[in-house]
2 protein chains.
Amino acid sequence: MKKITIQTSTNQYDVTIGEGLRHQVLEYLPKQYSRIFIITDSNVAPLYLHDVINSINGASPVDYAVVPAGEASKSIQIYYDLMSDAIKAGLDRDSLIIALGGGMVGDLAGFVAATFMRGIDFIQMPTTILAHDSSVGGKVAINHDEGKNLIGCFYPPVAVIYDVETLHTLPFKEIRSGYAEIVKHSFIHESSFWSTISQVNLIEAINDTELVNHLLKGIEVKAQIVEQDEYESNIRQFLNFGHTLGHALESEIGYGEITHGEAVAIGMLFAFQVSEKLYEIKLPYEQLINWLKSNQYPLKIQEIATDKLVTRMKRDKKSKSQKITMVLLREVGKPLIEQLDDQTIHLWLGEFLQELKCH
Amino acid sequence: MKKITIQTSTNQYDVTIGEGLRHQVLEYLPKQYSRIFIITDSNVAPLYLHDVINSINGASPVDYAVVPAGEASKSIQIYYDLMSDAIKAGLDRDSLIIALGGGMVGDLAGFVAATFMRGIDFIQMPTTILAHDSSVGGKVAINHDEGKNLIGCFYPPVAVIYDVETLHTLPFKEIRSGYAEIVKHSFIHESSFWSTISQVNLIEAINDTELVNHLLKGIEVKAQIVEQDEYESNIRQFLNFGHTLGHALESEIGYGEITHGEAVAIGMLFAFQVSEKLYEIKLPYEQLINWLKSNQYPLKIQEIATDKLVTRMKRDKKSKSQKITMVLLREVGKPLIEQLDDQTIHLWLGEFLQELKCH
């Protein structure tokens, strides 16, 4: 069992990572709650919901809601329905919401908690590798038809309880998706982290000790940045490495058709190319693309008009005054933020997408 | 022109009150914005929207949205539509939202600003007396079918620009509604404020100097409390004097059928009675009811089943563990919070509603 304490402007909370923590939830609750409302999804509920309810052991009355698995549940309609459920369950300001699931559940349940009666406590219980990223840092959101996470706020949890045993049931696709964010954390951090991750073979089972270490390191990288810039005025944007194109691809291809991590993987490749062209440097592009291929990341994507992607990239939350904001690398571990004009991006993206087809 | 500076945990902002401020908006913007998006309603737009746009004088590109006047616009649907409008207008994180209108517009536009791309700056430009209350303190929200303001958060504005000239066009009903909150501020403050307000005759026109002083005093009372307890853990609940029953009446009778202030006025009378019964004391109940009657507050309300109101009161955001939370008075200027069981409230409320019919 490992623990990291994260400091925010309004609170501090512990991230606890270990085996079987879902059976010990009661130990990690920071206080007694009038009621507990668990929000989970249709994939996770049959596997772990009852373990969590049992572990609360009647200390507070428990209700739950199960939303359909998949990014489509981060909709305004499901958000509103969860509000209705929370009211019907009799939640008050001394109640707790537990987000049991991956990033989708964390974002959605977190936004419900942030805005229910102007904010009640919530706890993240991530059940995916990808959620090592989203469960730390206090970003919660739902999607708008026009783009991902356009509706949301900053609202830190009161605890993160990360049971690595819940990762054993993940499909390979999800392991791949999650490791893309670990790879991202490695690129914006010192190069030794990438050296470790570049040796990982996802096709073979990863043991829990190794997994805990990778997650812990990823969370540490993120926590260090978030503690310095909680509200994303400057360096927190580094965490968006690979995400400008990544988000655009997710929106265009459709959530569910491509995983977040798969989209970010392609986004990182493009950010490598832009960095190499703009700064006239050499980055480990071949090493990355080979690692992605050997771990079966899908690099061949459907035909999408370049200008559609460019329009999406301009609409990204980080964009300023209609320019495209990208996180680039001077070298591995040295990220920086650039505003780029759309003609240049249009040209380079066209070339990149063409080249990707040949892999 | 008068100014109060309000300190919050995350920022500080100025409330400026004076005549003709809508013509000088540019002077009060704390910084240069990439875009400005004005949200107003169908009553206010024809009167003051163009003054505000003109006063910005092209310093930033301006767009606007006009929502139907009335509490019904604080809906999830209009909230989502405003998000769409903001996206279409090309707002980014360096953009500003201006809430031009009464409390409804402030709450709605504030919640849009709080959750658009995880929060952008917003400015309150109140155009009602009632909004002296809601524009200070950082509470923003929309309504749920099950109750008022159930969806929202704490999100302070970056400035409040209060042009008292915009109050000249208010219908009498709205002046009455606004003064109910000033009366509330007077009861939870020292008794001299109530002595002043109890002399006011709303039927005659109130001059701007007097009005500015009342608003200023009301805002000062509120600001003092909010600075001590921004997130409503304790004393901020004093501001809810008259609101437990007030909110229940608004929900049952229907927003628009009774104004907020009219409902709060009745709520304050009930809080007086409960205080007198519980503490066996005497409060200026007769003085309050006479003042309300002489200023034509409607005290005869439609027949409503007492248990419906009690159910609503239990569901109030301030309620804890299914008890009813009310703010009571030990004496004028000495508020305190009580948890009351519903049988007692049911009995006393029944008697109160019966008695109210005779006025």
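Just so you know, the residues in each chain are numbered from 1, in the order the chain's sequence is written. Each chain takes a letter, starting from A, and each ligand takes a number, starting from 1, following the order in which they are written. Owing to the predicted nature of the model, reporting of local features is limited to residues with pLDDT of at least 70; listing and counting of side-chain atom pairs is limited to 80 or more, with chain, interface and lining totals taken over all residues. Only hydrogens and water are set aside; all other atoms, that is, all heavy atoms of the structure, feed into the side-chain values.

Let us now look at the relation of the copies chain A and chain B. Residues reaching a pLDDT of at least 70 in both copies supply the C-alpha atoms on which the copies are superposed by least squares. Expressed as a screw operation, the relation of chain A to chain B combines 0.0 Å of axial shift with a rotation of 180°, fitting to an RMSD of 0.0 Å. Taken together, the rotation and translation describe the operation of a two-fold axis. Identified as the residue of chain A closest to the rotation axis by C-alpha distance is I76(A), at 4.1 Å. Same-surface contact between copies: 100% of interface residues of chain A are shared with the interface of chain B. By definition, residues are in contact when any of their heavy atoms lie within 4.5 Å.

So, about the interface of chain A and chain B. The interface of chain A with chain B comprises 38 residues on the first partner and 38 residues on the second. By definition, the buried area sums, over both parts, the 1.4 Å-probe accessible area that each loses when the two are put together. Taken as a group, Y80(A), R93(A) and R118(A) account for 24% of the area that chain A buries against chain B, more than any other trio of residues on that side. Any Lys or Arg side-chain nitrogen found within 4 Å of a carboxyl oxygen on Asp or Glu counts as a salt bridge. In this assembly, chain A and chain B are joined by two salt bridges. The partner of E232(B) in a salt bridge is R93(A), and the shortest N-O contact between them spans 2.9 Å. Every helix listed is a DSSP run of H or I at least four residues long, and every strand listed is a run of E at least two residues long, numbered separately from the N terminus. Going through the elements one at a time, α3 (76-88), α4 (103-115), β7 (139-144) and β8 (147-154) of chain A are the ones with two or more residues in the side of chain A that touches chain B.

Attention shifts here to the UniProt feature "domain: 3-dehydroquinate synthase N-terminal" (unreviewed entry) in chain A. UniProt's feature table lists "domain: 3-dehydroquinate synthase N-terminal" (unreviewed entry) at residues 66-176 of chain A, given in the numbering used throughout. The annotated region residues 66-176 of chain A carries 32% helix and 30% strand content, and the separation between its end C-alpha atoms amounts to 25 Å. UniProt positions are given in the numbering used here, feature names are shortened, and annotations may be inferred rather than shown by experiment.

What follows is about α4(A). Residues and elements named next belong to chain A. Take the number of residues in a helix, subtract one, and multiply by 1.5 Å to get its expected span. Given a rise of 1.5 Å per residue, 13 residues ought to cover 18 Å, and the 18 Å separating the end C-alpha atoms of α4 matches this to within 8%. Of all 13 residues in α4, 13 are buried, a share of seventy percent or more. Positioned one or two residues after α4, M117 has a phi angle of 50°, which is positive. Exposure is judged per residue with a 1.4 Å probe applied to protein chains only, and the accessible area is read against the type maximum: over 50% gives exposed, under 20% gives buried, and values in between give partly exposed.

All names here are of chain B. Read across the open sheet, the seven strands follow the order β1-β2-β9-β6-β5-β3-β4; overall the sheet is mixed. Each having just a single partner strand, β1 (2-7) and β4 (62-67) make up the two edges of the open sheet. When the angles between neighbouring strand axes are averaged without regard to direction, this sheet yields 15°. Here, strands pair whenever DSSP counts at least two bridges between them. Relative to β4, strand β3 (residues 36-41) runs parallel, the two being bridged by six bridges. By the bridge assignment for β4, F37 is matched with D63. Packing against the sheet, helix α4 (residues 103-115) makes contact with β3, β4, β5 (96-101) and β6 (121-126), and its axis sits at approximately 165° to β5. For helices, the axis comes from a line fit to the C-alpha atoms of the stretch in contact; other axes are also lines fit to C-alpha atoms, and the angle between any two N-to-C directions lies between 0 and 180 degrees. In the packing of helix α8 (residues 208-228) onto the sheet, the strands contacted are β1, β2 (12-18) and β9 (159-163), and the crossing angle to β1 comes to about 10°.

This part is about the packing of helix α10 (residues 260-279) of chain A against helix α11 (residues 285-294) of chain A. Any two packed helices are characterised by how steeply their axes cross, that is the angle between the axes, and by the distance between the axes. Residues and elements named next belong to chain A. It is at 10 Å that the axes of α10 and α11 come closest, and there the two elements cross at 170°. Taken as axis vectors, α10 and α11 run roughly antiparallel relative to one another. Here the hand of the crossing between α10 and α11 comes out left-handed. From α10, A265, M268, L269, F272, Q273 and E276 reach across to α11, where they touch Y285, L288, I289 and L292. Residues are grouped as follows: nonpolar covers Ala, Val, Leu, Ile, Met, Phe, Trp, Tyr, Cys and Pro; charged covers Asp, Glu, Lys and Arg; every other residue, Gly included, is treated as polar. Of the residues that constitute the contact of α10 with α11, the class distribution is eight nonpolar, one polar and one charged. Note that the term roughly parallel is reserved for angles under 35 degrees, roughly antiparallel for angles over 145, roughly perpendicular for angles of 65 to 115, and oblique for everything else. Working rule for handedness: look at the near helix, and if it is turned counterclockwise from the far one by less than a right angle, call the crossing left-handed; if clockwise, right-handed.

With that settled, the discussion passes to the packing of aromatic side chains. The aromatic pairing rule takes the rings of Phe, Tyr and Trp, using the six-membered ring of Trp, and pairs them if the centres are within 6.5 Å, calling planes under 30 degrees apart stacked, those over 60 edge-to-face and the rest tilted. For the structure shown, the criterion picks out 20 aromatic pairs over all chains. Relative to Y231(A), the ring of F154(A) lies with its centre 5.3 Å away and its plane at 90°, an arrangement referred to as edge-to-face. Note that F154(A) is positioned in strand β8 and Y231(A) in the loop between α8 (208-228) and α9 (243-253), a separation of 77 residues in sequence. Take F154(A): its relative accessible area is 17%, and that puts it in the buried class. Pairing F270(B) with F352(B) gives two aromatic rings, centres 5.2 Å apart and planes at 45°, and the pair type is tilted. Of this pair, F270(B) sits in helix α10 (residues 260-279) while F352(B) sits in helix α13 (residues 342-356); the two residues are 82 residues apart in sequence, bridging distant segments of the chain. The burial state of F270(B) is the same as that of F352(B); both residues are buried. Ring pairing ties together the aromatic residues F187(A), W194(A), F241(A), F272(A), W291(A) and Y297(A), which thus form one cluster.

On to the pairing of β3(B). Residues and elements named next belong to chain B. The buried count for β3 comes to six of six residues, which makes it a mostly enclosed element. Burial along β3 is two-sided: the residues I36, I38 and T40 and F37, I39 and D41 are all buried. When the strands point away from the viewer and the connection leading from the first strand across the helix to the second strand turns clockwise, the crossover is called right-handed. Regarding topology, helix α2 (residues 45-56) serves as the crossover connection from β3 to the parallel β4, and that connection is right-handed. The pairing of β3 with β5 spans five bridges and is classified as parallel. Directly across from I36, in β5, lies its bridge partner L96.

Quick look at the domain arrangement of chain A now. Residues and elements named next belong to chain A. Per the annotation, domain bounds derive from an automatic or database assignment of domains. With domains assigned, chain A is organised as domain 1 (2-167) and domain 2 (172-356). Once you take the C-alpha centre of each, domain 1 and domain 2 turn out to be 26 Å apart. Of the residues lining the interface, 29 residues belong to domain 1; the matching set on domain 2 comes to 33 residues. Note on domain 1 versus domain 2: buried area summed over both sides is about 3,000 Å², and carbon and sulfur give 65% of it. Taken together, the links from domain 1 to domain 2 amount to four salt bridges. The partner of K139 in a salt bridge is E232, with the nearest N and O atoms 2.9 Å apart. Polar contacts, as used here, are pairs of N or O atoms within 3.5 Å; protein pairs need one atom able to donate a hydrogen and one able to accept it. Residues neighboring in sequence count only if both atoms are side-chain atoms. At the surface where domain 1 touches domain 2, the tally comes to ten residue pairs in polar contact (both at pLDDT 80 or more). If you list the elements that add at least two residues to the side of domain 1 that touches domain 2, you get β1 (2-7), β2 (12-18), α5 (131-134), β7 and β8. Per-class residue counts for the side of domain 1 that touches domain 2 are twelve nonpolar, ten polar and seven charged.

Quick look at the state of the cysteines now. Any two cysteine sulfur atoms within 2.5 Å of one another count as a disulfide. This structure, assessed with the given rule, holds zero disulfides over all chains. Free cysteine: C153(A), not disulfide-bonded; nearest cysteine sulfur from C153(B) at 5.4 Å. For C153(A), a relative accessible area of 8% translates into the label buried.

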